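Breakdown of the fold
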Amino acid sequence: MFLKDKLKPFSLILSPMEAVTNPPFRKICKDYGADVLITEFISADALIREVEASKKKMFFVEAERPVGIQIFGNNEESLIAATEMAVAANPDFIDINWGCPVRKVAGKGCGSGILNDVPKMIYLTKKVVEHSHLPVSVKTRLGYDENEKPVVYIAEALQDIGISAISIHGRTRAAMYKGKADWTLIGEVKANPRMQIPVFGNGDIDSAEKVVEFKERYGVDGILIGRAAIGNPFIFFHAQQALKGEKRTPISVSERVRVCKQHLEGLIQWRSEKLALFEMRKFYSGYFYAINNFKPYRIRLVTAASFEEVYKILNEIEEDFTI
Ligand SMILES: Cc1cc2nc3c(=O)[nH]c(=O)nc-3n(C[C@H](O)[C@H](O)[C@H](O)COP(=O)(O)O)c2cc1C
């Protein structure tokens, strides 16, 4: 079965994010309309060393399908072994991360660090494809730096060696997260008459309106939403509404509080109370975005020392604010 057959003609995808897109948050995004989910990135080297935390990241539930397990690496043997482990977990597809720009990853030739050695990128991707009976997708960037942005060539070459979809973040490795994502080349990849596989665009999509605008302007088969979904899983709901031309339904404070509690409880089960309280800190601003005078509550939330304390503050928020 081709990956294409498991996807809608246009997919809204929760962009994989380390310490964000774990099962509790993925479930919430799915409930609000994300069509495709992908795990956090998982180190191939750590997988073959049987590191428990990395193996755990491969976990997903049936309701998440279509779901991808994302791996990264630079070494042929470990990528092959990691592919086999990921395939054994039976997701719908394996996603290779050739996009991460952070030094501890890209500096070792993993993630977008591979973009200065495109032949190796193609070779290693081929090895993954050969060792997976499941579809393989690639997530990457435009190129290594401003001087060379070979993504149109890369997309074709990767399609030729058998990948089933490509996600492109409209920045180079060197750009990290700076400046604005440039979607022009993403549009060029999609417009290339030789491309048959789904082409997904990524970078700076922060509203439902932008989803519709960029879908229409660049003709992509799907859009990945990353940072704008942190604490705002509702963006998928609103984007689905916008794609259908429906009027936007506002999300009440009560609903946000309910989802925030669900997220916290899920994370406590997934990790521990201590780690969950810590990880939740980056979500509160998103969950309660656009609420006036929220700052004092946020400060209390991020310094709260227990689950009970966070709950108490969330209950206060529900009482004190309406939207
Ligand atoms: C906190 C954080 C963690 C990320 N972790 C991953 C990851 O594990 N795998 C990956 O492919 N990209 C990762 N990314 C990149 C995002 O998936 C996405 O490509 C990038 O943020 C651009 O999309 P956006 O503008 O919608 O955020 C991460 C980004 C952020 C902000």
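Residues numbered from 1 in each chain as written. Predicted model: local features only at pLDDT ≥ 70, side-chain atom pairs only at ≥ 80, totals over all residues. Heavy atoms only, no water.

Another point: the packing of aromatic side chains. A full pass over the atoms with the stated rule returns 15 aromatic pairs. On the basis of an interplanar angle of 45° and a centroid distance of 4.7 Å, the ring pair of F307 and Y311 is categorised as tilted. Here the residue F307 and the residue Y311 both occupy positions in helix 16 (residues 307-320), the gap between them amounting to 4 residues, near one helical turn. Looking at F307, the relative accessible area reads 22%, which means it is partly exposed. By relative accessible area, which is 19% here, Y311 ends up buried. Among the aromatic side chains, those forming a connected cluster through ring pairs are F25, Y32, F234, F237, F283, Y287, F288, F294, Y297 and F321. (Phe/Tyr/Trp six-rings, centres within 6.5 Å; stacked < 30°, edge-to-face > 60°. Helix = DSSP H or I, 4+ residues; strand = E, 2+ residues; numbered from the N terminus. Buried < 20%, exposed > 50% of the residue type's maximum accessible area, 1.4 Å probe, protein only.)

Lining the immediate environment of the ligand, one finds 16 residues, of which P16, Q70, N202, D204 and R227 sit closest. With respect to the ligand, the backbone of D204 contributes an N or O atom lying 2.7 Å from an oxygen atom. Calculation on the ligand without its partners gives an accessible area of 610 Å², and the protein chains cover 87% of this total. For the shell around the ligand, a count of residues per class yields 5 nonpolar, 7 polar and 4 charged. (Near = heavy atom within 4 Å. Polar contact = N/O pair within 3.5 Å; in protein donor to acceptor, adjacent residues only side chain to side chain. Areas by Shrake-Rupley, 256 points an atom, 1.4 Å probe, with all protein chains shown as cover. Nonpolar A, V, L, I, M, F, W, Y, C, P; charged D, E, K, R; others polar.)

Here we come to the side chain of Q241. On the secondary structure map, Q241 appears in helix 11 (residues 234-243). Residue classification places Q241 among the buried positions, given a relative accessible area of 6%. Not counting the four nearest positions on each side in its chain, Q241 is found in contact with E246, K247, R248 and T249. (Contact = heavy atoms within 4.5 Å.)

Our next topic: the domain arrangement of the chain. Segmentation of the chain into domains returns domain 1 (3-243) and domain 2 (253-320). Centre-to-centre separation of domain 1 and domain 2, based on C-alpha positions: 29 Å. Counting residues at the interface gives 17 residues for domain 1, matched by 15 residues for domain 2. Both faces combined, the contact of domain 1 with domain 2 buries some 1400 Å², and carbon together with sulfur accounts for 66% of it. Of all residues in domain 1, P24, I28 and K56 bury the most surface against domain 2, accounting for 30% of the area lost on that side. On inspection of domain 1 and its partner domain 2, the count reaches 0 salt bridges. (Domains from an automatic or database assignment. Buried area = accessible area lost by both parts, 1.4 Å probe. Salt bridge = Lys/Arg side-chain N within 4 Å of Asp/Glu carboxyl O.)

As a further point, take helix 5 (residues 76-88). Because the α-helix completes a turn every 3.6 residues, residues three or four places apart line up on one side. With 13 residues, helix 5 ought to run about 18 Å at 1.5 Å a step, and its terminal C-alpha atoms sit 18 Å apart, in line with that. All buried positions along helix 5 are accounted for by S78, L79, I80, A82, T83, A86 and V87. Of the surrounding secondary structure, the elements contacted by the buried residues of helix 5 are helix 3 (44-48), strand 3 (67-72), strand 4 (93-98) and helix 7 (118-130). For helix 5, the N-terminal cap is N75; the gap from its side-chain oxygen to the backbone nitrogen of E77 is 3.0 Å. Downstream of helix 5 by one or two residues, N90 has phi in the positive range, about 60°. (Expected span 1.5 Å × (residues − 1).)

Right, let's get into the environment of R65. Within the fold, R65 resides in the loop between helix 4 (52-56) and strand 3. As for R65 and V51, which are separated by 14 residues in sequence, their C-alpha atoms are 25 Å apart. In this structure R65 touches K30, F60, N90, P91 and D92, once residues within four positions along its chain are discounted.

Now for the sheet that holds strand 3. Read across the open sheet, the 8 strands follow the order 1-8-7-6-5-4-3-2; overall the sheet is parallel. Edge positions in the open sheet fall to strand 1 (11-14) and strand 2 (37-43), since each of these has one partner strand only. This sheet shows a mean twist of 25° between the axes of neighbouring strands, independent of strand direction. In this structure, strand 7 (residues 199-202) lies alongside strand 8 (residues 222-225), joined through 3 bridges in parallel fashion. Considered in strand 8, the bridge of G201 is made with I223. In the packing of helix 5 onto the sheet, the strands contacted are strand 3 and strand 4, and the crossing angle to strand 3 comes to about 160°. (Pairing = 2+ DSSP bridges. Axes fitted to C-alpha atoms, helices over the stretch in contact; angles between N-to-C directions.)

Our focus in this paragraph is helix 2 (residues 23-31). Of all the positions in helix 2, only P23, P24, F25, R26, I28 and C29 are classed as buried. Among the residues trailing helix 2, G33 stands out with phi positive, at a value near 115°.

We now examine the pattern of salt bridges. Within this structure, the stated rule accounts for 22 salt bridges. Among the ionic pairs, K127 bridges to E130, the shortest N-O distance being 3.4 Å. Of the two residues, K127 and E130 are both situated in helix 7; the distance of 3 residues between them amounts to about one turn of the helix. Its relative accessible area of 44% is what places E130 among the partly exposed residues. D204 is paired through a salt bridge with R227; the nearest N and O atoms lie 3.1 Å apart. Of this pair, D204 sits in the loop between strand 7 and helix 10 (208-218) while R227 sits in the loop between strand 8 and helix 11, placing them 23 residues apart in sequence. According to the relative accessible area criterion, D204 is partly exposed, its value standing at 22%. One salt-bridge network, in which partners are shared between bridges, spans K6, E62, R65 and D92.

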